[in-house]
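Structural characterization, general
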Amino acid sequence: MIRRIRTLFRPFRKDERGLASVEFALFFPLYLGLFFWAADLGIITIKSVMLDHALDVSMRELRLGQVEDPTADKLKAAICSRATIIGNCEDQMMIELQPVSTATWAMPQTPVTCVNNDEEIQPVVAFSPGRQQELMLVRACIIIPVLLPDAMFGRMLTKDSTGGIGIAAISSFVNEPS
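Here we come to the nonpolar core. Counting residues in hydrophobic clusters, the biggest one holds 26 residues, and the most contacted among them are Leu51 and Ile142. Among the elements of the structure, helix H2 (19-63), helix H3 (72-82), strand S1 (93-99), strand S2 (135-145) and strand S3 (164-174) are those that each provide at least two residues to this core. With six residues, the top contributor of residues to this core is H2. When neighbours within four sequence positions are excluded, Leu51 is seen to be in contact with Ile79, Ile86, Met93, Ala140, Ile142, Ile167, Ala168 and Ala169.

The next thing to look at is the confidence of the model for the protein chain. Per-residue pLDDT for the protein chain has a mean of 80; in total, 85% of the residues score no lower than 70. Of all helices and strands in the protein chain, the one with the weakest mean pLDDT is helix H1 (residues 2-13) (75), whereas H3 scores best (89).

On to the pattern of salt bridges. This structure, assessed with the given rule, holds two salt bridges. In this structure, the salt-bridge partner of Glu96 is Arg139, at a minimum N-O distance of 2.9 Å. With a gap of 43 residues between them, Glu96 in strand S1 and Arg139 in strand S2 connect regions that are remote in the sequence. Residues Glu96 and Arg139 agree in their burial class; the two are buried.

What counts and what doesn't
- Residues numbered from 1 in each chain as written.
- Predicted model: local features only at pLDDT ≥ 70, side-chain atom pairs only at ≥ 80, totals over all residues.
- Heavy atoms only, no water.
- Core = buried A, V, L, I, M, F, W, Y, C linked by side-chain atoms within 4.5 Å.
- Buried < 20%, exposed > 50% of the residue type's maximum accessible area, 1.4 Å probe, protein only.
- Helix = DSSP H or I, 4+ residues; strand = E, 2+ residues; numbered from the N terminus.
- Contact = heavy atoms within 4.5 Å.
- pLDDT = per-residue confidence, 0-100.
- Salt bridge = Lys/Arg side-chain N within 4 Å of Asp/Glu carboxyl O.

Here it is in structure tokens:
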């Protein structure tokens, strides 16, 4: 039996034609997966940095009193106007603004709340503009889509029912006296 297999494959043993095709077939999927992983990670990182920067600039305006009668919708609009790379920003963002006690320095124990795409009812988050000289903590979370949610990198992320992931930005400031 073995002798029959040897004689069957003997003409192919020293033939090197098509050798590059084998290497291509073995390594091309790996390179392609690595390319898409890097592209996906790059897009997520860019959106995260844009959200962080937009939150910082918007909170600077709020801290300096340039935002009249701040509301969650006004802050969302201000942040989303600066983070233009994030699509569907205002619908997918949750923003939380709350004072931090300087006596205990107790930070919120709950994780950053994101929009829940699974339900019609959205979670309630605290939004208190605070008083003068009060330390304020701002947390924003937005759901962004993943390029390839079932690829090697996308499988490792915690996704919601739409296949998106939540990215968060946190900032703090002290309300300036007027």
